[in-house]
Amino acid sequence: MKKINIITKNSHFDAVILANGTYPQNEIALDILRNASIVICCDGAAIHYPGKPTAIVGDGDSLPDSYKSIYHDIIIHVSEQEDNDLTKATRYCIERSKDDNTIGNRKLSIAYLGATGEREDHTLGNIALIMRYAMRFGIEPTMITDHGYFTPCAKENSNEENIAIFESFPKQQISIFNFGCTKLEGTGFGWNPYAYEELWQGTLNEAEGKEVTLKGDGNFLVFSTFEPKK
């Protein structure tokens, strides 16, 4: 069973990855970025970040030569093209965390900012990637946008149900995307979830109170808004 708290400006993550999409405007997202002790920029995202990041990871195609010169000591150049810069930065965080004694046996938590906006194909690809990270990389990724946050819920054990309890508030808009569940149910929603066959079917649901629960036999991705429906 997994318990997911509401994302606030005080939410803590082991690392923040800033992608080169639309720079965050929401104050919650900005506060998380400001308070982060580790900030990894995906290539050209370093142009917009106001401070010096912990590292800049990517193939260097969107980073001007002037920045390459200034930040030469923190650039991690990865030339292979099978993975995009978001995944390269994620792999770097995972490798870096192996020397972090504060993490111990728990999963590495990473917040992704600036991963949406700009080109729609990049946005869709990045959203799909955090599901991949949860399922295959064994981390706890959260993608934070200007409107809310994506939380992937991957099964811990193939023989057990996937149960997630989300802290919520009345009229919080919640969308559920099914990734392989043949059985899916929930409580605390305005409309009862089920094993959706299409990605759009689980969108625009609504929390009725302070908590919602989802239970499935596969994986699912949840988007939760910062503000209630007006």
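Residues numbered from 1 in each chain as written. Predicted model: local features only at pLDDT ≥ 70, side-chain atom pairs only at ≥ 80, totals over all residues. Heavy atoms only, no water.

For the environment of Pro228, give the residues involved together with the corresponding values.
Position of Pro228 among the secondary structure elements: in strand β14 (residues 219-228). Its relative accessible area of 34% is what places Pro228 among the partly exposed residues. When the C-alpha positions of Pro228 and Ala164 are compared, they lie 21 Å apart, and in sequence the two are 64 residues distant. Filtering out sequence-adjacent residues up to four positions away, Pro228 remains in contact with Phe169, Pro170, Lys171 and Gln172. (Helix = DSSP H or I, 4+ residues; strand = E, 2+ residues; numbered from the N terminus. Buried < 20%, exposed > 50% of the residue type's maximum accessible area, 1.4 Å probe, protein only. Contact = heavy atoms within 4.5 Å.)

Give me the lowdown on the sheet that holds β14, citing residues and values where you can.
Strand order in this open sheet of ten strands is β5-β4-β3-β2-β6-β7-β8-β14-β10-β12, and the pairing throughout is mixed. Unpaired on one side and paired on the other, β5 (75-77) and β12 (205-206) mark the two borders of the sheet. Across two bridges, strand β7 (residues 140-144) lies against strand β8 (residues 148-153) in antiparallel orientation. Paired with Met143 across the strands is Phe150, a residue of β8. Seen against the sheet, helix α3 (residues 85-97) touches β2 (15-18), β3 (39-42), β4 (55-58), β5 and β6 (109-113) and runs at an angle of roughly 130° to β4. (Pairing = 2+ DSSP bridges. Axes fitted to C-alpha atoms, helices over the stretch in contact; angles between N-to-C directions.)

Describe the pairing of β3, with residues and values.
On β3, burial covers both faces: Val39 and Cys41 on one face and Ile40 and Cys42 on the other are all buried. Two elements, β2 and β3, share three bridges in a ladder whose sense is parallel. Within β3, the residue paired with Ile17 across the bridge is Ile40. Each parallel crossover has a hand, and the one from β2 via helix α1 (residues 27-35) to β3 is right-handed. Taken together, the three bridges between β3 and β4 define a ladder with parallel strand orientation. Paired with Cys41 across the strands is Ile56, a residue of β4. (Right-handed = clockwise from strand over helix to strand, strands pointing away.)

Describe the pattern of salt bridges, listing the residues and the values that go with them.
A full pass over the atoms with the stated rule returns 13 salt bridges. Arg91 is the salt-bridge partner of Asp83, the closest N and O atoms lying 3.3 Å from each other. Judged by its relative accessible area of 12%, Asp83 is buried. For Arg91, a relative accessible area of 38% gives the class partly exposed. One salt bridge in this structure joins Asp121 and Arg119, with 2.5 Å as the shortest N-O distance. Of the residues examined, Asp121 reaches a relative accessible area of 44% and is grouped as partly exposed. (Salt bridge = Lys/Arg side-chain N within 4 Å of Asp/Glu carboxyl O.)

Before we move on, can you summarise helix α4 (residues 120-137) with the specific residues and values?
Across its 18 residues, α4 extends 25 Å between first and last C-alpha, which sits within 8% of the 26 Å expected from 1.5 Å per residue. Listed in full, the buried residues belonging to α4 are Thr123, Asn126, Ile127, Leu129, Ile130, Met131, Tyr133, Ala134 and Phe137. Looking at the buried residues of α4, the elements they touch are α3, β6, β7, β8, β10 (172-179) and β14. Positive backbone phi, at 70°, marks Gly138, one or two positions downstream of α4. (Expected span 1.5 Å × (residues − 1).)

Give a detailed account of the pairing of β8, specifying residues and quantitative values.
Burial runs high along β8: six of the six residues are buried. For β8 and β14, the ladder comprises six bridges, and the chain directions are antiparallel. Note on β14: the bridge partner recorded for Cys153 is Phe220.

Quick one: what's the story with unusual backbone geometry, residue by residue and with numbers?
Even without glycine at this site, Asp43 takes up a positive phi of about 50°. With respect to the secondary-structure elements, Asp43 resides in the loop between β3 and β4. The residue Glu118 is not glycine, and still its phi comes out positive at about 55°. One can find Glu118 in the loop between β6 and α4. Glu118 sits in the exposed class, given a relative accessible area of 56%.

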